[in-house]
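The residues making up each chain are set out below.
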Amino acid sequence: MAILKIKTYPDSVLRGHARPVDEVNRDIRKLIDNMAETMYDAPGIGLAANQVGELKRVIVIDIQKEGESTGLIALINPEILELRGNISTEEGCLSVPDFYSEVKRAEEVRVRALNPDGKEIEIDAKGLLAVVLQHEIDHLNGKLFIDRLNPIKREIFKRNWKKKKKKG
Ligand code: NI
């Protein structure tokens, strides 16, 4: 296993549309292992393949927060089947360091995907897991949580980012 380099905003790979995985083979399982190790090392609660420079539809999630623990969830070609309700939570992203902001999303989500054995599974998620699933699937479509902020909050992000860039 290896810890991979996490790409950060404004790297163009974060804007790429990840391609579906045709076959869940050894290479994909190796990518999943490395992504999981990278996520735990960061530490983070989710990571999409775009963030390590691979435009493949693969995400890993492990929520260990406030007593909620999912264990490692690795999904290939995840698809959102259903969205329900509304929730607003503070989000951050390993690719957008040092910035956190409230984001509105669906409160419940049903996702279909392949697991690392290549089997089709469906996940019904609520609350934090639902939010992280939506956040990671956004990554696969070249979307970042900062794209979902209202104009005022996005302006705050841009100002912070410019200040940080100047400081080097
Ligand atoms: Ni992210």
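Residues numbered from 1 in each chain as written. Predicted model: local features only at pLDDT ≥ 70, side-chain atom pairs only at ≥ 80, totals over all residues. Heavy atoms only, no water.

> Before we move on, can you summarise the coordination of the nickel ion with the specific residues and values?
Protein ligation of the nickel ion involves Cys93 (SG), His135 (NE2) and His139 (NE2), the donor distances falling in the range 2.1 to 2.2 Å. Read in sequence order, the donor residues coordinating the nickel ion give the pattern C-x41-H-x3-H. Of this pair, Cys93 sits in strand E6 (residues 87–93) while His135 sits in helix H2 (residues 127–140), placing them 42 residues apart in sequence. Given a relative accessible area of 11%, Cys93 falls into the buried group. A relative accessible area of 7% places His135 in the buried class. (Donors = N, O, S within 2.8 Å, 3.2 Å for Na, K, Ca; no water. Helix = DSSP H or I, 4+ residues; strand = E, 2+ residues; numbered from the N terminus. Buried < 20%, exposed > 50% of the residue type's maximum accessible area, 1.4 Å probe, protein only.)

> Give me the lowdown on the pairing of strand E7 (residues 96–105), citing residues and values where you can.
The pairing of E6 with E7 spans six bridges and is classified as antiparallel. The residue of E7 that forms the bridge with Thr89 is Val103. (Pairing = 2+ DSSP bridges.)

> Outline the side chain of Arg105, listing residues and values.
Summarising the element assignment, Arg105 is placed in strand E7. There is a polar contact of 2.6 Å between the side chain of Arg105 and the side chain of Glu91. Setting aside residues up to four positions removed in sequence, Arg105 forms contacts with Gly85, Asn86, Ile87, Glu91, Val131, Gln134, His135, Asp138, Phe145 and Arg148. (Polar contact = N/O pair within 3.5 Å; in protein donor to acceptor, adjacent residues only side chain to side chain. Contact = heavy atoms within 4.5 Å.)

> An account of the environment of Asn150 is needed here, citing residue identities and associated values.
Tracing the backbone shows Asn150 in the loop between H2 and helix H3 (151–167). A distance of 2.9 Å separates the side chain of Asn150 from the backbone nitrogen of Lys153, its partner in a polar contact.

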